[in-house]
Amino acid sequence: CFPEDHAAHILPPLANIANGPSGLAYYPGTGLPAKYDGHFLLCDFKGASTASGIWSFKMQPKGASFDLVEKEQFIWNTLVTDVDFGYDGHVYFSDWIEGWGMTGKGRVYRLSDPATVKAADEVKAIFAADFTKRSVNELKGQLAHRDMRVRQEAQFTLVEKGADGQRALTEPAASGK
C-alpha cells in the first residue's frame, strides 16, 4: 500500500483543510446552534485578512478512518491565530490584524448566537462552583450533560472520589446500559 521509501507508520492526511499552523477547537455542546454539534473550528492564517478566517467542519466515520464533511467558512476576513469556546457560550478568537511581521498589535473577538448563548448560563454556573464538593450522585448525573466539558470534569472528579466515585463510573458498564 505504501511505497518502499515511505514509513509505514505515517498515514496520509484525510484532507487539506487549512494552510496555517493556528488554533483548533472542538465544539463542547453549548452556546451555538445544534448544527455545530460534533464540529471543529480551525483557524486558517494566511498572512492577509482577506484570505483568512475560521473553518467549521465535522469528521464522519468511514471504516477505520474518517471523512471530512460539512466544511464551511465559520467566519472570514480576519487574520485569526487562535479560537476557543468559553464557559459562557461564546466563541473567542484572536486576530493578528494584517501581515506576517510582529506589530505588537492584535484583537480578541467574542462571537455568539443570541438565540442559543443563554443555554450556556447553566454551564457557567456549574463551573463557578467547586466540583469536589458535589455528591457522587450529582456527579453521576452530570455524566449525561450536553456539554462535553461538564461530562469530563464530572468523570475526573468521580475518579478522585475514590472507590465510591469509581463504582459510579463502572455501574452503567456493568449493567449493560
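Located above this text is the structure these notes cover.
Conventions used here
- Residues numbered from 1 in each chain as written.
- Predicted model: local features only at pLDDT ≥ 70, side-chain atom pairs only at ≥ 80, totals over all residues.
- Heavy atoms only, no water.
- Helix = DSSP H or I, 4+ residues; strand = E, 2+ residues; numbered from the N terminus.
- Rg over C-alpha atoms; globule rule 2.2 N^0.38 Å.
- Salt bridge = Lys/Arg side-chain N within 4 Å of Asp/Glu carboxyl O.
- Buried < 20%, exposed > 50% of the residue type's maximum accessible area, 1.4 Å probe, protein only.
- Core = buried A, V, L, I, M, F, W, Y, C linked by side-chain atoms within 4.5 Å.
- Pairing = 2+ DSSP bridges.
- Axes fitted to C-alpha atoms, helices over the stretch in contact; angles between N-to-C directions.

## A word on the overall build of the protein
Looking only at helices and strands, one finds four helices and seven strands in the protein. Secondary structure elements of the protein, listed N to C terminal, follow the sequence β-β-β-β-β-β-β-α-α-α-α. At 20 Å, the protein has a C-alpha radius of gyration far larger than the 16 Å of a compact globule built from 177 residues. With the principal axes as the frame, the protein shows a C-alpha extent of 55 × 50 × 30 Å.

## Observations regarding the pattern of salt bridges
Evaluation of the coordinates by the stated rule reveals eleven salt bridges. In this structure, the salt-bridge partner of Glu-72 is Lys-35, at a minimum N-O distance of 3.2 Å. With a gap of 37 residues between them, Glu-72 in strand 4 (residues 65-76) and Lys-35 in the loop between strand 1 (24-26) and strand 2 (39-44) connect regions that are remote in the sequence. When its relative accessible area of 29% is taken as the criterion, Glu-72 is described as partly exposed. Looking at Lys-35, the relative accessible area reads 49%, which means it is partly exposed. Between Asp-37 and Arg-146 there is a salt bridge; the shortest N-O distance is 2.7 Å. Placement of Asp-37 in the loop between strand 1 and strand 2 and of Arg-146 in the loop between helix 2 (136-142) and helix 3 (148-160) is noted, with a sequence separation of 109 residues between them. Exposure remark for Arg-146: the relative accessible area of 43% places this residue in the partly exposed category.

## Observations concerning the nonpolar core
Counting residues in each nonpolar core, the largest one holds 13 residues, and the members touching the most others are Leu-32, Leu-41, Ile-54, Phe-74, Val-83, Phe-85 and Val-91. When residues of this core are traced back to their parent elements, those giving at least two are strand 2, strand 5 (80-85) and strand 6 (91-95). Here this core takes three residues from strand 5, the largest share from any one element. Residues Ile-126, Ala-154, Leu-158 and Ala-168 belong to the second largest nonpolar core, which totals eight residues.

## Description of the sheet that holds strand 4
On the basis of which strands lie adjacent, the open sheet formed by four strands has the order 1-2-3-4 and antiparallel pairing. The sheet is open, and its two borders are formed by strand 1 and strand 4, each paired with just one other strand. Here the strands of the sheet are splayed against their neighbours by 25° on average, with no regard to which way each runs. Bridge count between strand 3 (residues 53-62) and strand 4: nine bridges; the pairing is antiparallel. Residue Pro-61 lies in a different strand from strand 4, and its bridge partner there is Phe-66.

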